[in-house]
Amino acid sequence: MSDEEEFTDRVLGRVLAHLPAAPAPPGFEARLLAAYDAFQARRHAGFFGALRVAAEAVWPGAPLWAPLSAFACALVLGAGIGAAMPSAATQHTDFSLEKPATFTLALADQQ
Amino acid sequence: MAISAMHDPDAGDVALAGQGDRAAAARLIARHGPRLHALARRMLGRPAEAEDVVQEVFLKLWTHAGRWRPGTAKFETWLYRVALNQCYDRLRKRRHEPLEAAMAVPDGAPPPDAGLQAAHISAAVARALADLPERQRAALLLCHFQGCGNQQAAEMMGLSVEALESLLARGRRGLKVRLAHLKESLGEG
C-alpha cells in the first residue's frame, strides 16, 4: 500500500471529521418554503398568471407557449378552412318588397 | 440508464410541488435543503452565500418542477449538479476579490468546550480543504460528507468515474501536503 493510500485509508476520515459541522441556520427551511409560496403567488398573479392556470388545465406540465401555440394554430387553421369553404346551406328568402305580404291574425280566426 | 419513478424517491414530490402542492415542496426542502446547504457552505466557506446558493437552486427547481420527467437522471443528481454549478460560478467571481476575503473560512469556530488543539486542527482542516482546487474539493465533499458513491458523485459532477477517482486522489494528496504539519496531532506515526 502506498503512502498516499495509507493516508487515505487511515487518516482521511479522521481528518475530515475535524471539519467543523455545517448546520443550516435557524429558520432556513422556513425561508425556503416562504420562497416557494412567493413563487407560487407570483405564478398565479395577473393576466399571465390566469393564462398560465388555464394553460396548465389544458396541457399540464407544458410551458406556456405550447398550449398558446396549439390554440393559435387551431385558430388559423379553422379560419382558413372557414374562408376557403363557403357554407353549403344557403338562405332562401321568398319575400319581395314589390309584393305585399299576406298574413292573417290568429286572433281573427278565433273570433 | 432510465430511472423509473419507483427508483427515484423524489419524482412524485417534484411533480406535486410543480402543481403547487406545498406539502410536497416542504418534503423536498426537508430532504435536500440542509444537505445542499452543508455542501455549499463547505464549498464556499461563507454561510450567507451558501444560503443564497440553496435559495437559487430551489427557485430553479420550482421553475422546472412542472416539467420534470423522471427517466434520464435521478432528481437528486440534477439538484446537486445545479448546486455545484452555482458554487463554481460564485468561486469564479471571487477570483477578482482580495485573497483574504476569498479564502475566509469563518466556520472554523469549534464548540466552546472543545480544546484549543481541536480548534487548531479544525481550522487547519477547513483551510486545507478551502485551499484545494474547487473540483477536488467538490469530489471530496460529495464522497466523504454527502455519502455519495463514486458513480453518483461522478454523475453529479458531470464526469466519468475515472475522472472523479483521479480528482479524489489528487484531493487526498493535496490534503496530505497541506496537513503534514498536523500529522502528530492527528495520530499519525
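For clarity, every value in this text was computed on a predicted model and none was experimentally measured.

Some details on the nonpolar core
Next, step 1: Core analysis: the largest hydrophobic core is formed by 62 residues, its most contacted members being M43, L61, W62, L142, M157 and L175 of chain B.
Next, step 2: In this view, L61 of chain B contacts V14, L28, F75, W78 and L79 of chain B; residues no more than four positions away in its chain are not counted.

Comments concerning the pattern of salt bridges
Next, step 1: As enumerated under the stated definition, the model contains ten salt bridges over all chains in all.
Next, step 2: Put simply, R31 of chain A and E51 of chain B hold a salt bridge, and the shortest N to O gap is 2.5 Å. Of this pair, R31 of chain A sits in helix 2 (residues 28–43) while E51 of chain B is found in helix 3 (residues 47–65), placing the two residues in two different chains.
Next, step 3: With its nearest N and O atoms 3.5 Å apart, the salt bridge here joins E49 of chain B to R90 of chain B. Of this pair, E49 of chain B sits in helix 3 while R90 of chain B sits in helix 4 (residues 75–94), placing them 41 residues apart in sequence. In terms of burial, E49 of chain B and R90 of chain B fall into one category: buried.
Next, step 4: When salt bridges that share partners are traced, they join D10, D13, R27 and R31 of chain B into one network.

Things to note about the side chain of Q136 of chain B
Next, step 1: With respect to the element layout, Q136 of chain B can be found in helix 7 (residues 134–144).
Next, step 2: Setting aside anything within four residues of it in sequence, one finds Q136 of chain B in contact with L167, R170 and G171 of chain B.

Observations concerning the side chain of D10 of chain B
All names here are of chain B.
Next, step 1: Along the chain, D10 turns up in the segment before helix 1 (11–18).
Next, step 2: For D10, the side chain forms a polar contact with the side chain of R31, separated by 2.8 Å.
Next, step 3: Those residues in contact with D10, other than ones at most four positions away along the chain, are L28, R31, H32, F75 and E76.

Considerations on the environment of P47 of chain B
All names here are of chain B.
Next, step 1: Along the chain, P47 falls in helix 3.
Next, step 2: By relative accessible area, P47 is classed as partly exposed at 30%.
Next, step 3: In this structure the C-alpha to C-alpha distance between P47 and H37, which are ten residues apart in sequence, comes to 8.3 Å.

Side note on the packing of helix 2 of chain A against helix 3 of chain B
Two quantities define a packed helix pair, namely the angle between the helix axes and the distance between the axes.
Next, step 1: Between helix 2 of chain A and helix 3 of chain B, the shortest axis-to-axis distance is 10 Å and the interhelical angle comes to 35 degrees. Pair helix 2 of chain A / helix 3 of chain B crosses with right-handed handedness. Along its contact with helix 2 of chain A, which presents F28, R31, L32, A35, Y36, F39 and R42 of chain A, the element helix 3 of chain B presents E51, V54, Q55, F58, L59, W62 and T63 of chain B.
Next, step 2: Considering only residue class, the contact of helix 2 of chain A with helix 3 of chain B consists of nine nonpolar, two polar and three charged.

Focus on the confidence of the model for chain B
Residue and element names in this part refer to chain B.
Next, step 1: Scored by pLDDT, chain B has a mean of 82; 83% of the residues are at 70 or more.
Next, step 2: Between the elements of chain B, mean pLDDT differs from a low of 52, seen in helix 5 (residues 99–102), to a high of 93, seen in helix 2 (residues 22–44).
Next, step 3: Confidence over residues 1–5 falls short of pLDDT 50; this stretch has ten contacts with residues more than four positions distant or in other chains.
Next, step 4: Predicted as a complex, the structure gets a pTM of 0.68 and an ipTM equal to 0.76.

A few points about the interface of chain A and chain B
Next, step 1: Of the residues lining the interface, 33 residues belong to chain A; the matching set on chain B comes to 45 residues.
Next, step 2: Summed over the shared surface of chain A and chain B, the result is two salt bridges.
Next, step 3: Note that R22 of chain B and D37 of chain A form a salt bridge whose closest N and O atoms lie 2.8 Å from each other.
Next, step 4: Inspection of the region where chain A meets chain B yields five residue pairs in polar contact (both at pLDDT 80 or more).
Next, step 5: When contributions to the side of chain A that touches chain B are tallied by element, the ones reaching two or more residues are helix 1 (3–17) and helix 2 of chain A.
Next, step 6: Of the residues forming the side of chain A that touches chain B, the biggest block, twelve residues, is contributed by helix 2 of chain A.
Next, step 7: Here the side of chain A that touches chain B is built from residues that sort into 20 nonpolar, four polar and nine charged.

Quick word on the layout of surface pockets
Next, step 1: As a volume, the second largest pocket reaches approximately 250 Å³.
Next, step 2: R43, R52 and A62 of chain A together with T63 and R67 of chain B are, among the 14 residues lining the second largest pocket, the residues nearest its centre.
Next, step 3: Secondary-structure elements contributing two or more residues to the lining of the second largest pocket are helix 2 and helix 3 (46–58) of chain A together with helix 3 of chain B.
Next, step 4: The element best represented in the lining of the second largest pocket is helix 3 of chain A, accounting for three residues.
Next, step 5: Here the residues of the lining of the second largest pocket are counted per class, giving six nonpolar, four polar and four charged.

Rules used in this analysis
- Residues numbered from 1 in each chain as written.
- Chains lettered and ligands numbered in written order.
- Predicted model: local features only at pLDDT ≥ 70, side-chain atom pairs only at ≥ 80, totals over all residues.
- Heavy atoms only, no water.
- Core = buried A, V, L, I, M, F, W, Y, C linked by side-chain atoms within 4.5 Å.
- Buried < 20%, exposed > 50% of the residue type's maximum accessible area, 1.4 Å probe, protein only.
- Contact = heavy atoms within 4.5 Å.
- Salt bridge = Lys/Arg side-chain N within 4 Å of Asp/Glu carboxyl O.
- Helix = DSSP H or I, 4+ residues; strand = E, 2+ residues; numbered from the N terminus.
- Polar contact = N/O pair within 3.5 Å; in protein donor to acceptor, adjacent residues only side chain to side chain.
- Axes fitted to C-alpha atoms, helices over the stretch in contact; angles between N-to-C directions.
- Left-handed = near helix turned anticlockwise from the far one by under 90°.
- Nonpolar A, V, L, I, M, F, W, Y, C, P; charged D, E, K, R; others polar.
- pLDDT = per-residue confidence, 0-100.
- 1 Å grid on protein atoms, 1.4 Å probe; cavity = no way out; pocket = protein on both sides within 12 Å on 5 of 7 lines; lining within 4 Å.
- Points joined across faces, edges and corners; volume = space filled by probe spheres on them.

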